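For reference, the chains in residue letters:
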Amino acid sequence: MIMKSYITTPIFYVNAAPHLGHAYTSIVADTYNRFRKIAGYTSRFQTGTDEHGDKIAEAAANSGVTPKEYADRISRQFQDTWPPLNVEPDNFIRTTDPKHIAVVQSILQKIYDQGDIVFSDYTGLYCQGCERFLTEKELVDGLCPDHKKAPEEISEKNYFFKMSRYQDWLIDHLKNNSDFVTPERYKNEVLSFLKEPLTDLCISRPTSRLTWGIPLPFDNNYVTYVWFDALINYLTGLGYSPDGRHADLFRDFWPVAEHIIAKDILKPHAIFWPTMLKAMGLEPYQKLHVHGYWNVDDTKMSKSLGNIIKPLELVADYGVDTVRYFLLREMSFGLDSSFSTEALITRQNSDLANDLGNLFSRSLAMVKKFTGNQIPEPPKEMTELDEKLKRRANKMIVSVQRNMGDFSFNKALQNIWEVVSKANKYIVENAPWTLAKDPDKKERLQAVIYNLLETLRMISLPLHAVMPDTARKMFDALGIDAEPDFASMGEWGANLKPGTDLGEVPPLFPRLEQKRKTESEAQKRGDSGKPASAAQEKRKSASPKKSGPAPQVTFDDFLRLDLKVATVKAAEKIPKSDRLLKLTVLAPEERTIVAGIAEHYEPEQIVGKQVIIVANLQPVMLMGVESHGMVLAAKNDGKLVLSSVTDEIPAGSKVA
Ligand code: MSP
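Moving on to the environment of Leu580. Tracing the chain through its elements places Leu580 in the loop between strand S18 (563–573) and strand S19 (581–586). The spacing of Leu580 and Leu344 is 236 residues in sequence and 41 Å in space, taken between C-alpha atoms. Apart from residues lying up to four places away in sequence, Leu580 is in contact with Lys573, Ile574, Val594, Ala595, Gly596, Ala598, Leu622 and Met623.

Below you can see the structure in the form of structure tokens.
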């Protein structure tokens, strides 16, 4: 059976140059695509640019060029960014491509003809940044939570897609397909959103307001709403045709489609898109993988906030594999992460230069010195230490495959680095430099060297997905010219060729000085000579007011508190209370906690989150609900922020 895989990134808006956030999603998609190929799949990876709509028309007008000229320029920047990052898509799609436009129009016509698109009056709150109407519930303090701007009230006649017709089907689909949206917190977010009736989706913009879009085939006074056009890229890139005369690509790859996005565009992907597909008579995509944000100074990276990290500058400064490794190792998929060059340099020095780089150079130096620079024969006998290393390496390949398949790239890299560290320990335990002094230990020395080379080979196999250049260097150094493949190379003893001459071995990673820092990091510490940002000033003025230290407690007093990590399963407002939310949490048993956070969090914002609770607080009745515990939160200037853990951990884990 031929196993297939189709992986996509969002198509990025061409209103601004590529930044680290775009690069992260694309590196994840590329890594997964490479991983699938190593696992024997025929895998296809698509990315591209989203080129219509208000944002692009506005950016072009500000630059004094036509929208198409502007789109061409920025789309080119995206296309030029991927090769230096070793991001290798099979297809780069642009929504201004005439083939895409024709497919979007025929889909619109088909859905219109079947009565799923209707014309009606509408008044709504429109956010320019999101390019969509927002519901009152989505606003935070009257502002769009992503763009921090008040939406504009717009009234006009428009065309609407009858999304509500497919709401029940979508709820069932989400419930019956547990990994349709992952990680689970995002599936819960979608389900909680679907508790309210869906409003129909406005899919047109009058040409009096916007002309930069795909004309509606049934009314040329309107262009298509950019999201309706953009989502269809996932089909047009496979040669889909609404008349059923599809390209083979569509037949082969659509059933295995997996989309990767960040949480900013969860709603269009988890609600608009499946209902659109259903209306088209197509099966929905297989999986939606949702990641968190890369933040700088605790704020999402974005052009409008001026805290952009440019991926090509990072690659020029630190090298492509360091950047890829850092992004995948540092972020727990689904949760937010903070970017800093200090953290990147630390990872490079400790994980790459020290752990992996040293293992590699020490092992190959021994081959040069003790075995005539040739791969020795495999040992006839294995000691307990040898067997342990072998078992670990074999187990690592299995765990890495499971974790990469689950998008737990940080865990997969931890699996690999456990073996790196065991192999470094194996060198110390076997003291090859001492063995070399004793002619009677020659055979043992050769065995140790063979085992180290074999371990390096096993380590380099999954690294082909994450750090293709480094892994290729390692394969070359070990005399392997075949393509990486788990099936034929994934077990100890698979394909080192004894007697192979090893050439000169390049160092894998240089050590870096902790001296570079991004401008924003420098500003954060106030050592750049530049004025602090508004956000910094705000943070400074918001520093906690001290109200005198709390009385000291003994360690035993502290131990009396049962602090645990709990996952919020459900949340709802308590009627007649402005302050209280009723939370159902898992810790790991299910319990109800009443929390005074309703003025700071909407219920759907916290479903799926992990919080820290005091689990052994005496139960109390609050507004008629029995509360079993307390959620910890930090307070500053009257604002509450829930406490949490930096990495996902099983619910019920003890906090000590
Ligand atoms: N054009 C739409 C997507 C249409 S897909 C049919 C769009 N474009 S975007 O340029 O704004 O890209 C958003 C995506 O860029 C996010 O979903 C994510 O993949 C990536 N990121 C942008 N900023 C990011 C961070 N700060 N952190 C992580 N990823 C980020 O939305």
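Let's pick the thread back up.
On to the sheet that holds strand S24 (residues 630–631), then. In space, the 5 strands of this open sheet follow the order S20-S19-S18-S21-S24, with antiparallel pairing throughout. Looking at which strands have only one partner, the edges of the open sheet turn out to be strand S20 (590–595) and S24. Relative to S19, S18 runs antiparallel, the two sharing 6 bridges. Bridge pairing in S19 links Lys573 to Leu581.

It helps to recall that an α-helix has 3.6 residues per turn; residues three or four apart then point in one direction. Between its first and last C-alpha atoms helix H17 (residues 442–466) spans 37 Å; for 25 residues at 1.5 Å apiece the expected length is 36 Å, and the two agree. Maximal helix bending in H17 amounts to about 25°, located at Ser460; proline Pro462 follows within four positions. Among the 25 residues in H17, 21 count as buried, and that is most of the element.

Take the environment of Leu335 next. If you trace the backbone, Leu335 turns up in the loop between helix H12 (320–330) and strand S17 (337–338). The class for Leu335 is buried, based on a relative accessible area of 14%. Measuring from C-alpha to C-alpha, the distance between Leu335 and Thr646 comes to 8.3 Å, with 311 residues separating the pair along the chain. Excluding its chain neighbours within four sequence positions, the residues that come into contact with Leu335 are Arg185, Gly292, Tyr293, Thr646, Asp647 and Glu648.

A few words on the packing of H12 against helix H13 (residues 341–370). H13 packs onto H12 with a crossing angle of 100° between their chain directions and a minimal axis gap of 10 Å. In terms of their interaxial angle, H12 and H13 are classed as roughly perpendicular. Contacts between H12 and H13 pair Thr322, Tyr325, Phe326, Arg329 and Glu330 from the former with Ala343, Leu344, Arg347, Gln348, Asp351 and Leu352 from the latter.

Taken as a whole, the second largest pocket spans an internal volume of roughly 810 Å³. If you go around the second largest pocket, you meet 37 residues; those closest to its centre are Ser192, Phe193, Leu194, Lys195 and Glu196. With 5 residues, the single largest contributor to the lining of the second largest pocket is S18. Here the residues of the lining of the second largest pocket sort into 18 nonpolar, 5 polar and 14 charged. Among the domains, domain 1 (4–291) and domain 3 (552–656) are the pair contributing at least three residues each to the lining of the second largest pocket.

Turning next to the packing of helix H14 (residues 384–405) against helix H15 (residues 409–430). In the contact formed by H14 and H15, the axes pass within 8 Å of each other and the chain directions differ by 170°. Considered as vectors, H14 and H15 are oriented roughly antiparallel to each other. Residues Leu385, Asp386, Leu389, Arg392, Ala393, Met396, Ser399, Val400, Asn403 and Met404 of H14 pack against Phe409, Lys411, Ala412, Asn415, Ile416, Val419, Lys422, Ala423, Tyr426, Glu429 and Asn430 of H15. For the contact of H14 with H15, the residue count by class is 12 nonpolar, 4 polar and 5 charged.

Within the secondary structure layout, Thr95 lies in the loop between strand S4 (91–94) and helix H4 (98–113). Classification of Thr95 by relative accessible area gives buried; the value is 0%. Engagement of the side chain of Thr95 in a polar contact is seen with the backbone nitrogen of Glu51, the distance being 2.8 Å. Apart from residues lying up to four places away in sequence, Thr95 is in contact with Ile11, Thr49, Asp50, Glu51, His52, His100, Ile101, Asp229 and Ala230.

Now for the packing of aromatic side chains. On inspection of all chains with the given rule, the structure shows 30 aromatic pairs. On the numbers, 4.8 Å between centres and 80° between planes, the contact of Tyr122 with Phe133 is edge-to-face. Here Tyr122 is found in strand S5 (residues 117–127), whereas its partner Phe133 is found in strand S6 (residues 132–134), with 11 residues between them in sequence. Tyr122 sits in the partly exposed class, given a relative accessible area of 25%. A relative accessible area of 12% places Phe133 in the buried class. Summarising the aromatic geometry, the rings of Phe333 and Phe407 are spaced 5.2 Å apart at their centres and angled 65° between planes, so their arrangement reads as edge-to-face. Of the two residues, Phe333 is situated in the loop between H12 and S17 and Phe407 in the loop between H14 and H15; the sequence distance between them amounts to 74 residues. Here Phe333 falls in the buried class, since its relative accessible area comes to 10%.

About the thresholds
- Residues numbered from 1 in each chain as written.
- Predicted model: local features only at pLDDT ≥ 70, side-chain atom pairs only at ≥ 80, totals over all residues.
- Heavy atoms only, no water.
- Helix = DSSP H or I, 4+ residues; strand = E, 2+ residues; numbered from the N terminus.
- Contact = heavy atoms within 4.5 Å.
- Pairing = 2+ DSSP bridges.
- Expected span 1.5 Å × (residues − 1).
- Bend = angle between axes of the 7 residues up to and from the residue.
- Buried < 20%, exposed > 50% of the residue type's maximum accessible area, 1.4 Å probe, protein only.
- Axes fitted to C-alpha atoms, helices over the stretch in contact; angles between N-to-C directions.
- Parallel < 35°, antiparallel > 145°, perpendicular 65-115°, else oblique.
- 1 Å grid on protein atoms, 1.4 Å probe; cavity = no way out; pocket = protein on both sides within 12 Å on 5 of 7 lines; lining within 4 Å.
- Points joined across faces, edges and corners; volume = space filled by probe spheres on them.
- Nonpolar A, V, L, I, M, F, W, Y, C, P; charged D, E, K, R; others polar.
- Domains from an automatic or database assignment.
- Polar contact = N/O pair within 3.5 Å; in protein donor to acceptor, adjacent residues only side chain to side chain.
- Phe/Tyr/Trp six-rings, centres within 6.5 Å; stacked < 30°, edge-to-face > 60°.

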